[in-house]
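# Examination of the molecular architecture
Now for the letters of each chain:
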Amino acid sequence: IEFFYWLFFPQARALTPQIAETDAIRFLVGTQSLRYDNQIHIIDFDDENNIINKNILLHQVGEIWHISTSPADKGVLATCYNKTSDSKVMTCAAVWRMPKELESGSHESPDDSSSNTQTLELLCHLDNTAHGNMACVMWEPMGDGKKIISLADNNILLWDLQESSTKAVLASSAALEGKGQLKFTSGRWSPHHNCTQIATANDTTVRGWDTRSMRQIYCIENAHGQLVRDLDFNPNKQYYLASCGDDCKVKFWDTRNVTEPVKTLEEHSHW
């Protein structure tokens, strides 16, 4: 049964809320399939009737590793995806627009929406040819949807989206320096401090950066005993950051004093 479930329902590891949608509860989920064209599933939750509705968009360029949505335009999103070129697998990033009729939350009765599957419209690629594999893409949280940061191997890249997001211009960048092959695993753009700070994770370290100068402003070495898997800012409290790692722990930090976590949770048994 599990085999047939996997065969017809490919696994997913990319999930994000549609931030600009304020009238409906909506999430986007991206699939990871080697056998079939990949998809983005638009999941709407009708809380009045306790119903979940689904629409499907084709994402034909590869397995989806990360999704993020524009804070200003509910129809625009970015994905990081695998692409095979010259027998090499690269993780690339692109900005897309969903069909106009699917931009707003759906409150129709659930049905088999696979029969009317539509395709995403490519707006632009975030060209990472010279920078390596993309780990994630972050939109400026309170912005107009024109600024976006991507993490590619050990590079932080700040992009300006122009001409209705059909063109991405690299505005500035910074590189993570140190011994070994340093690679970012994840990052978040802080909604505080006029959106001038981001946090990144690489190996067991969490770092803070100023987006104006692209310089490091704090560093939490050995934040976790193993790889830092993800992190996020508290949207309601300045300075508070949460991180989780392969050591099965969740830690909360005050970025004004990063010598010790404010709190550590150890209830998990898996990353």
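Not measured: the values here are computed from a predicted model.

## Some details on the UniProt feature "repeat: WD" (unreviewed entry) in the protein
Under the UniProt annotation, the feature "repeat: WD" (unreviewed entry) is placed at residues 221-257. Taken end to end, residues 221-257 is 0% helix and 46% strand, and its first and last C-alpha atoms sit 13 Å apart.

## Structural notes on the domain arrangement of the protein
For the protein, the assigned domains read domain 1 (1-105 + 114-175) and domain 2 (176-270). Distance between the C-alpha centres of domain 1 and domain 2: 23 Å. Regarding the contact of domain 1 and domain 2, the summed buried area is about 1,600 Å², with carbon and sulfur atoms giving 73% of it. Broken down residue by residue, the surface that domain 1 buries against domain 2 is led by Met-138, Asp-153 and Ile-156, which jointly contribute 28%. Seen at the junction of domain 1 and domain 2, the total is zero salt bridges. At the surface where domain 1 touches domain 2, the tally comes to two residue pairs in polar contact (both at pLDDT 80 or more). Here the residues of the side of domain 1 that touches domain 2 are counted per class, giving 13 nonpolar, four polar and four charged.

## What about the packing of aromatic side chains?
All told, the structure shown has one aromatic pair when counted by the stated rule. Look at Phe-184 and Trp-209: their rings are 6.5 Å apart centre to centre, the planes differ by 70°, and that puts the pair in the edge-to-face class. Of this pair, Phe-184 sits in strand 14 (residues 184-189) while Trp-209 sits in strand 16 (residues 205-210), and the two are 25 residues apart along the sequence. Of the residues examined, Trp-209 reaches a relative accessible area of 5% and is grouped as buried. Positioned above the aromatic ring of Trp-271 is the side chain of Arg-229, whose terminal nitrogen or guanidinium carbon lies 3.7 Å from the ring centre. The positively charged end of Lys-237 is found above the aromatic ring belonging to Tyr-240, 5.3 Å away from the centroid.

What counts and what doesn't
- Residues numbered from 1 in each chain as written.
- Predicted model: local features only at pLDDT ≥ 70, side-chain atom pairs only at ≥ 80, totals over all residues.
- Heavy atoms only, no water.
- UniProt positions renumbered as here; feature names shortened; annotations may be inferred.
- Helix = DSSP H or I, 4+ residues; strand = E, 2+ residues; numbered from the N terminus.
- Domains from an automatic or database assignment.
- Buried area = accessible area lost by both parts, 1.4 Å probe.
- Salt bridge = Lys/Arg side-chain N within 4 Å of Asp/Glu carboxyl O.
- Polar contact = N/O pair within 3.5 Å; in protein donor to acceptor, adjacent residues only side chain to side chain.
- Nonpolar A, V, L, I, M, F, W, Y, C, P; charged D, E, K, R; others polar.
- Phe/Tyr/Trp six-rings, centres within 6.5 Å; stacked < 30°, edge-to-face > 60°.
- Buried < 20%, exposed > 50% of the residue type's maximum accessible area, 1.4 Å probe, protein only.
- Lys NZ or Arg CZ within 6 Å of the ring centre and 35° of its normal.

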